[in-house]
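# Descriptive structure summary
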Amino acid sequence: MDHATMQQLAAGAALDDLDDAELQELDRHLASCGPCRDLRADLDEVVADLALAAPELRPPAGLRGEVLAALRAPVKPDLALVGPVTPVRPATPVGMPRRAGTWGAIGLAAVLGIVAVGLGARSVQLTDEVAGARVAVVEAQQRIAAQEAAMALVADPAHRIASLHAEPVAPVASAIAIFRPGTTEAYLMANDLPATPVGFVYQLWFADATGVHALGTFHHDGEGPFIAPFGVDLGSSAAAMVTLEPEGGAQGEPGPQVVFGEF
């Protein structure tokens, strides 16, 4: 398997989502690959942090009493709903007393049905939380991959750098665009970038002779440096910038500039 596949397996291992064969293949690769070992450790840490951040859920204080009361209460049929009832010969064998708990059993079934509905809703909530955790792990993996690729590009003598100056949205931020002309190896590297406001995203843009072009969006927690890929060849570009956009990003007119620089 190639290196990119191994990084995907590392993410799957962090989520305990690998079969035995995949886990063995990953372990063999990690024995000889330092970057992937570091990635696996970072992903494990992210998943651990997500587990600690999950809110503790407690049942309502009166739930136990309500369930017990429902179990004890006799359940009577509503004859107006079911219509006339034709007497039938009891199926109970001769000499065996009729079970007095019949309606209690029906009550239990009703309560269990209510509980099942509640558990179903909780299951949906847990599914959403797991899906969110998976997204967070994938985003963390992408950030780590971008950091490693950007550091490798810094060491490449063919790289170029363009400074991006701060705008009022992020007055203390500093940023550069580092890229290698003729390739899509191009990254934003920013420091002191504020946390993305709730309901908004940061979005990358570049400008060339044909106009201004929207690129990817990202969130930032405001902690430490941030590195994000442009994903395009900036060799013939005239400028690059980051804007603040509503969640989902923009495709037409750019929003408020966060950092901007001409090449």
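Residues numbered from 1 in each chain as written. Predicted model: local features only at pLDDT ≥ 70, side-chain atom pairs only at ≥ 80, totals over all residues. Heavy atoms only, no water.

This part takes up the confidence of the model for the chain. Chain-level pLDDT for the chain is 75 on average; 59% of the residues reach the 70-or-more range. Considering each helix and strand of the chain separately, the mean pLDDT is smallest for helix α5 (residues 79–82), with a value of 49, and largest for strand β7 (residues 239–246), with 96. When the criterion is pLDDT under 50, residues 92–100 qualifies, and its contacts beyond four places in sequence or with other chains add up to two contacts. (pLDDT = per-residue confidence, 0-100. Helix = DSSP H or I, 4+ residues; strand = E, 2+ residues; numbered from the N terminus. Contact = heavy atoms within 4.5 Å.)

Attention shifts here to the pairing of strand β2 (residues 174–179). A regular strand carries its side chains on alternate faces of the sheet. In terms of strand pairing, strand β1 (residues 160–166) meets β2 through five bridges, oriented antiparallel. The residue bridging Ile161 from the neighbouring strand is Ile178, located in β2. Both β2 and strand β3 (residues 186–191) contribute to a ladder of six bridges, which runs antiparallel. Within β3, the residue paired with Ser174 across the bridge is Asn191. Where β2 folds back on β3, the antiparallel hairpin that results is connected by six residues, among which Gly182 adopts a positive phi of roughly 85°. (Pairing = 2+ DSSP bridges.)

In this section: the packing of aromatic side chains. Counting across every chain of the model gives three aromatic pairs. When the ring of Tyr202 is compared with that of Phe218, the centres are 5.7 Å apart and the planes differ by 50°; the resulting orientation is tilted. Here Phe218 lies in strand β5 (residues 211–218) and Tyr202 lies in strand β4 (residues 200–208), a separation of 16 residues in the sequence. Here Tyr202 falls in the buried class, since its relative accessible area comes to 2%. Ring geometry for Phe218 versus Phe226: centroids 4.4 Å apart, planes at 20°, classification stacked. Joined through ring pairs, the aromatic side chains of Tyr202, Phe218 and Phe226 make up one cluster. (Phe/Tyr/Trp six-rings, centres within 6.5 Å; stacked < 30°, edge-to-face > 60°. Buried < 20%, exposed > 50% of the residue type's maximum accessible area, 1.4 Å probe, protein only.)

This paragraph deals with the nonpolar core. Membership of the largest hydrophobic core comes to 25 residues, with the highest contact counts inside it found for Leu188, Leu204, Phe218, Phe230, Leu234, Val242 and Val258. Of all elements in the fold, only β2, β3, β4, β5, β6 (226–229), β7 and β8 (257–262) reach the threshold of two or more residues within this core. Leu234 has contacts with Ala177, Phe179, Thr183, Ala186, Phe206 and Phe263, leaving out every residue within four places of it along the chain. Within the second largest apolar cluster, eight residues are counted, among which are Leu9, Leu18, Leu30 and Cys33. (Core = buried A, V, L, I, M, F, W, Y, C linked by side-chain atoms within 4.5 Å.)

Let us look at unusual backbone geometry. Even without being a glycine, Asp192 presents a positive backbone phi close to 55°. Here Asp192 is to be found in the loop between β3 and β4.

Among the secondary structure elements, Ala195 is positioned in the loop between β3 and β4. Ala195 sits in the partly exposed class, given a relative accessible area of 42%. With 28 residues separating them in the primary sequence, Ala195 and Glu223 have C-alpha atoms 7.6 Å apart. Every residue in contact with Ala195, bar those within four places of it in the chain, is listed here: Tyr202, His220, Asp221 and Gly222.

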